[in-house]
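Spelled out, the chains give:
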Amino acid sequence: SQTIHQWPATLVQPVGSPLSLECTVEGTSNPNLYWYRQAAGRGLQLLFYSVGIGQISSEVPQNLSASRPQDRQFILSSKKLLLSDSGFYLCAWSKILINEQFFGPGTRLTVL
Amino acid sequence: QKEVEQDPGPLSVPEGAIVSLNCTYSNSAFQYFMWYRQYSRKGPELLMYTYSSGNKEDGRFTAQVDKSSKYISLFIRDSQPSDSATYLCAMSLGNTGNQFYFGTGTSLTVIP
């Protein structure tokens, strides 16, 4: 069976510090990978998605970036965090031509 | 206009009640429809997945899709306190990019 991992689970960072969130998927190959941010009352905001290694599409202009160095690894990064980057970050995966999406446990980021 | 509209609630029902959760959408090209359950501070969990119009039943849960009205529903029979969560609807076009469009979620509380 497939599983998706995210770490860390929670993170408190000062404004201006760098960020690296990691997501890995097990039990499947060539998944589509996604990063979402969820803010209270605002639903899920798609940040990035990737259909393959090194292929990243950005949905929202921001100071965040994503990378996919390996087939089942997806990393969300920032060089300098803003207060507005606080939120619940979710990684998800799906298979091409199979329209089901599965989420990881999430990372709660607080920027102070 | 948002692609997907969902009443945020909150919705509060007594244990054993039938719950009806709904979403409307604007893009008639959506083909795949999903319902997720999200407990507080956790990632969303895929509950139901349907393709095109019709009904799908899984235990106490029934998902309905009416493409002519651009309206989807999730019914929960014999609701339990453990059903207390936020329910998100989602849909996709079914192309290879596999982008998903989410409602903002409805918060449900089942009172014992």
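Reference entry: report on the structure contained in this document.

Summed over the entire model, instances satisfying the criterion amount to 15 aromatic pairs over all chains. Seen from their ring centres, A:Tyr36 and B:Phe102 are 5.5 Å apart, and the 80 degrees between their planes marks the pair as edge-to-face. Taken together, the residues A:Tyr36 in strand E4 (residues 32-39) and B:Phe102 in strand E10 (residues 100-102) connect one chain to another. The burial state of A:Tyr36 is the same as that of B:Phe102; both residues are buried.

Here the focus is the layout of surface pockets. In this structure, the second largest pocket spans a volume of roughly 290 Å³. Lining the second largest pocket are 15 residues, and of these A:Leu44, B:Glu3, B:Phe100, B:Tyr101 and B:Phe102 lie nearest its centre. Sorting the residues of the lining of the second largest pocket by element identifies strand E5 (43-52) of chain A together with E10 of chain B as the ones contributing at least two each. The residue inventory of the lining of the second largest pocket, partitioned by class, reads seven nonpolar, four polar and four charged.

This part is about the interface of chain A and chain B. Across the contact, 26 residues belong to chain A and 21 residues belong to chain B. Of the roughly 1800 Å² buried at the junction of chain A and chain B (both faces included), carbon and sulfur atoms supply 53%. Seen at the junction of chain A and chain B, the total is zero salt bridges. Here chain A and chain B share four residue pairs in polar contact (both at pLDDT 80 or more) between them.

Below, the discussion takes up the side chain of A:Asp71. All names here are of chain A. Within the element layout of this structure, aspartate 71 appears in the loop between strand E7 (64-70) and strand E8 (73-78). For aspartate 71, a relative accessible area of 18% puts it in the buried group. A polar contact of 2.8 Å, which involves the side chain of aspartate 71, links it to the backbone nitrogen of asparagine 30. Those residues in contact with aspartate 71 that lie beyond four places of it in its chain are Ser29, Asn30, Pro31, Leu33 and Ile53.

Turning to the pairing of strand E3 (residues 19-25) of chain B, a few remarks are in order. All names here are of chain B. Of the two faces of E3, only one is covered, namely that formed by Val19, Leu21, Cys23 and Tyr25; the face formed by Ser20, Asn22 and Thr24 stays uncovered. In the sheet, strand E1 (residues 4-6) pairs with E3 via three bridges, with the strands oriented antiparallel. Residue pairing for E3: valine 4 is matched across the bridge by tyrosine 25. Two strands pair when backbone bridges link them, and E3 and strand E8 (residues 71-76) are joined in this way by six bridges, in the antiparallel orientation. Its bridge partner being in E8, asparagine 22 is matched across the sheet by serine 73.

The biggest cluster of nonpolar side chains holds 23 residues, and the ones touching the most others in it are B:Trp35, B:Ile72, B:Leu74 and B:Tyr87. When residues of this core are traced back to their parent elements, those giving at least two are E3, strand E4 (32-38), strand E5 (45-51), strand E7 (61-66), E8, strand E9 (85-92) and strand E11 (106-111) of chain B. Within the second largest apolar cluster, 20 residues are counted, among which are A:Leu19, A:Phe48, A:Ala66 and A:Cys91.

Let us now look at unusual backbone geometry. Of note, the bond from A:Trp7 into A:Pro8 is cis; its omega dihedral lies within 30 degrees of zero at 0 degrees. Relative to the elements of secondary structure, A:Pro8 occurs in the loop between strand E1 (3-7) and strand E2 (10-13). Residue B:Pro10 is reached from B:Gly9 by a cis peptide bond, and omega for that bond is 10 degrees. Tracing the backbone through its elements, the reader meets B:Pro10 in the loop between E1 and strand E2 (11-14). The phi dihedral of B:Arg41 falls on the positive side, at around 65 degrees, and the residue is not glycine. As for its position among the elements, B:Arg41 is in the loop between E4 and E5. A relative accessible area of 55% means that B:Arg41 is categorised as exposed.

What counts and how
- Residues numbered from 1 in each chain as written.
- Chains lettered and ligands numbered in written order.
- Predicted model: local features only at pLDDT ≥ 70, side-chain atom pairs only at ≥ 80, totals over all residues.
- Heavy atoms only, no water.
- Phe/Tyr/Trp six-rings, centres within 6.5 Å; stacked < 30°, edge-to-face > 60°.
- Helix = DSSP H or I, 4+ residues; strand = E, 2+ residues; numbered from the N terminus.
- Buried < 20%, exposed > 50% of the residue type's maximum accessible area, 1.4 Å probe, protein only.
- 1 Å grid on protein atoms, 1.4 Å probe; cavity = no way out; pocket = protein on both sides within 12 Å on 5 of 7 lines; lining within 4 Å.
- Points joined across faces, edges and corners; volume = space filled by probe spheres on them.
- Nonpolar A, V, L, I, M, F, W, Y, C, P; charged D, E, K, R; others polar.
- Contact = heavy atoms within 4.5 Å.
- Buried area = accessible area lost by both parts, 1.4 Å probe.
- Salt bridge = Lys/Arg side-chain N within 4 Å of Asp/Glu carboxyl O.
- Polar contact = N/O pair within 3.5 Å; in protein donor to acceptor, adjacent residues only side chain to side chain.
- Pairing = 2+ DSSP bridges.
- Core = buried A, V, L, I, M, F, W, Y, C linked by side-chain atoms within 4.5 Å.

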